[in-house]
Amino acid sequence: VGDYLDLPAGAYTLGFDIDEDMNPDVIFEIPELPAGTTANVFAVSDAEGGVMLKAQLSDGSVATVSPSI
């Protein structure tokens, strides 16, 4: 849980460093969204123990982003 971030439009790379060794263990490539898009993004685990991002968009749709590594 965190504060909302206002980011410029563009594609982003998001990494999670789970073991705190200064190297991301899971990396997500976030595609560019149109300017003005509002999204609530959650990291969720799947049935196999992996993780993915779920983004709830302001139009009510949900997008899923799988890790790139």
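Okay, so let's go over this structure. (Residues numbered from 1 in each chain as written. Predicted model: local features only at pLDDT ≥ 70, side-chain atom pairs only at ≥ 80, totals over all residues. Heavy atoms only, no water.)

Some remarks on the overall build of the protein
Heads up, the condition is: The helix and strand labels rest on DSSP assignments: H or I over at least four residues marks a helix, E over at least two residues marks a strand, and numbering proceeds from the N terminus. Throughout, exposure labels follow a simple rule: accessible area from a 1.4 Å probe, protein chains only, divided by the maximum for the residue type, with under 20% read as buried, over 50% as exposed, and the rest as partly exposed. For this analysis, residues touch if any pair of their heavy atoms sits within 4.5 Å.
Within the protein, the regular secondary structure consists of zero helices and five strands. The order of α-helices and β-strands along the protein, N terminus first, is β-β-β-β-β. Oriented by its inertia axes, the alpha-carbon framework of the protein measures out at about 35 × 25 × 20 Å. A total of 69 residues make up the protein; the buried ones form 13% of that total. Restricting to contacts in the protein with at least 6 residues of sequence separation, those with at least 24 account for 24%.

What about the packing of aromatic side chains?
Two aromatic rings, taken as a pair, are described by how far apart their centres are and by the angle between their planes. For the record, the criterion: Only the six-membered ring of Trp is used, alongside the rings of Phe and Tyr, when aromatic pairs are assigned; centres must lie within 6.5 Å, and planes under 30 degrees apart are stacked while those over 60 apart are edge-to-face, with the rest tilted.
By the definition in use, this model includes one aromatic pair. Relative to Phe-28, the ring of Phe-16 has its centre 6.0 Å away and its plane inclined at 85 degrees; by these criteria the two rings are edge-to-face. With Phe-16 in strand β1 (residues 12–16) and Phe-28 in strand β2 (residues 26–30), this pair connects stretches of sequence that are 12 residues apart. Residue classification places Phe-16 among the partly exposed positions, given a relative accessible area of 33%.

What to know about the sheet that holds strand β3 (residues 39–45)
Stated formally: Two strands pair under a simple rule: DSSP has to find at least two bridges between them. Whenever a helix is involved, its axis is fitted only over the stretch in contact; in every case the axis is a line through C-alpha atoms, and angles between N-to-C directions fall within 0 to 180 degrees.
Reading across from one edge, β3-β4-β5 is the order of the three strands in this open sheet, with antiparallel pairing throughout. Lying at the two open borders of the sheet, with one neighbouring strand each, are β3 and β5 (62–65). Averaged over all pairs of adjacent strands, the angle between their axes in this sheet comes to 25 degrees, without regard to strand direction. By the bridge criterion, seven bridges tie β3 to strand β4 (residues 51–57) in an arrangement that is antiparallel. From the neighbouring strand, Val-41 faces β4, where its bridge partner is Ala-55.

Here we look at the environment of Val-62
For Val-62, the position within the fold is in strand β5. Placed 54 residues apart in sequence, Val-62 and Pro-8 show a C-alpha to C-alpha distance of 21 Å. With residues up to four places along the chain from it excluded, the contact list for Val-62 reads Lys-54 and Ala-55.

Geometric values such as these leave the question of function open.
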